[in-house]
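Per-entry structural report
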Amino acid sequence: MDTLKVDLGERSYPIYIGSGLLNQTELLTQHIQGQSALVVSNETIAPLYLNKLLPALEKFKSATCILPDGEQYKNLEVLNQIYTNLLEQHFDRKTTLIALGGGVVGDMTGFAAASYQRGINFIQIPTTLLAMVDSSVGGKTGVNHPLGKNMIGAFHQPQCVIIDTDTLDTLDDRELSAGLAEVIKYGLINDPDFFAWLEENMDKLLQRDKDALAYAIRRSCENKAAIVAADEREQGMRALLNLGHTFGHAIETGMGYGNWLHGEAVACGMMMAAEMSHRLGWINADKVEDVRKLLQKAKLPTKPPEQMIASDFLQLMAVDKKVIDGNLRLVLLKDIGKALVTADFSNEALSNTLQHCLAA
Ligand code: NAD
Ligand code: GLY
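Structure report, in brief. Keep in mind that what you see is a predicted model, and the values were worked out from it rather than measured.

Relative to the assigned elements, E77 resides in helix α3 (residues 76–88). When the C-alpha positions of E77 and S277 are compared, they lie 39 Å apart, and in sequence the two are 200 residues distant.

Dropping the structure here:
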C-alpha cells in the first residue's frame, strides 16, 4: 500500500492506494470518529462492493443510501434523498458519510456532508479511475444545475481517501478511458516527464497492467495533492486543474448530462485548449499533434460533437466558474507540461478556435 498526504494543516488527510484495501477494515474504521456512518452509493456499485464494507461497519450504527446511477441524477432533487435518509434515521452531526462510487457519488456525498447540520465528516472510497485520480482528492463537492455543470457546491475535505485498485476490474473500457483523460491532464499541466511516460505506457494502461495503473494513480494523486495543498480554494494555481474543463463543461451541459462522459468532454476540451494555444502562437503544431495522438491512443474523443455550434459554446462557457467580472479566463498551454490561466486572448482567437475545431 502507498500512503500519500494531502497537506492542509489541521485538515490534512491520507490517500491510501493499493490492492485489496476494502478488506482492511481498520483502514476505514480508524477514520470514523463518531458512532454512526451512512454509506452512500449507487444502484450499480452497491451490488458489487457494498458487502465488502459491512464487516468494518458492524460496531457502528450504520445504514446505506442507494442513489440512481448517472450524471443526470447529480442534482439537488436526488441530493435530497441523502438528507431525508439521514433525518429519517436520526443520524446526528457526529455521523460520517462514506462515498462508495465514482465522481458523481463522491461529489454528491461530499456536498451532503458539507451541508448536513452545517457540516459532518465524510470518507471517499472512489471506484472509477477518474474518481481515484481526481474527484475524490481535494474537497470539491457539489451538484449540477440545468444551466451549468457543478454550479452548486462547497469545498469540504474528506477524512481520508481509500483507493482499492481492485475495483477497477469491473469498470468498463469506456469509463477507464474517461479516467485516463484526467491522468493525461496532469502531464499537460505541469508534469512533462509524466506525459512522456504516458506516451510510452498507454497500451499497458489500456490493458489494465496493475503496476502501470498503480503508478499512474499514485503520480496523478501526488500532482493533485501538491496543487490542492498550495491552493485549496482555487484562488490561483488550482484553476490549472480545469485544463479542458471550460470547453468540456460546455459539451457536457450542451449535449445533456450523461451523454458525453465527463472525461470524454475534458479530453476534447484539452484538445481545443491545445488548438487555441497554437492559434495564439504559444505552442507549435507538432505539440498539438502530440496531444492529439496521446488522447487518441487513450481512445478518447478529440473532436467536439457535431450537434453543437460555436454560439452554443460561447453561451455555455459564459457561465464558467472561472469567469470573473464578466471576463472569461481559460487554462491554456505554453508548452506540454506548462499550463497557465489567462484572459489574455481576443474574442477572435476564441471564435477562430471554435470554428476550426467544429469544422475538423
Ligand atoms: P460516475 O460517477 O458517473 O461513474 C461512471 C460509471 O461507472 C457509473 O455508471 C458508475 O455507476 C460506474 N462505476 C463506478 N465504479 C464502478 C466499478 N468499480 N465497476 C463498475 N462500474 C462502476 O463518473 P466518474 O467519471 O467517476 O465521475 C464523473 C463526475 O466527477 C462528474 O460529475 C464530474 O463533474 C465529477 N468530477 C469532480 C471533480 C472534483 O474535483 N470534485 C473532479 C473531476 C470530476
Ligand atoms: N478537478 C478540479 C479540481 O479539483 O480543482
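And the narrative resumes.
Below, the discussion takes up helix α11 (residues 285–297). Here α11 contains 13 residues, and its C-alpha end-to-end distance of 18 Å stays within 8% of the 18 Å for a straight helix at 1.5 Å per residue. Those residues of α11 lying buried are V288, V291, R292, L294 and L295. One side of α11 holds all its buried residues, which, seen down the axis, span an arc of 165°. Away from its buried face by more than 90 degrees, α11 exposes D286 and K293. Residues of α11 that are buried sit in contact with α6 (173–190), α7 (192–206) and α10 (262–279).

Taken together, D134, K140, K224, E234, R238, L241 and N242 make up the full set of residues adjacent to ligand 2. At 3.2 Å, a side-chain N or O of D134 approaches a nitrogen atom of ligand 2. Residue K140 places a side-chain N or O atom 2.8 Å away from an oxygen atom belonging to ligand 2. Its residues assigned to classes, the shell around ligand 2 comprises 1 nonpolar, 1 polar and 5 charged.

Cut-offs applied
Residues numbered from 1 in each chain as written. Chains lettered and ligands numbered in written order. Predicted model: local features only at pLDDT ≥ 70, side-chain atom pairs only at ≥ 80, totals over all residues. Heavy atoms only, no water. Helix = DSSP H or I, 4+ residues; strand = E, 2+ residues; numbered from the N terminus. Expected span 1.5 Å × (residues − 1). Buried < 20%, exposed > 50% of the residue type's maximum accessible area, 1.4 Å probe, protein only. Arc of directions from axis to C-beta. Contact = heavy atoms within 4.5 Å. Near = heavy atom within 4 Å. Polar contact = N/O pair within 3.5 Å; in protein donor to acceptor, adjacent residues only side chain to side chain. Nonpolar A, V, L, I, M, F, W, Y, C, P; charged D, E, K, R; others polar.

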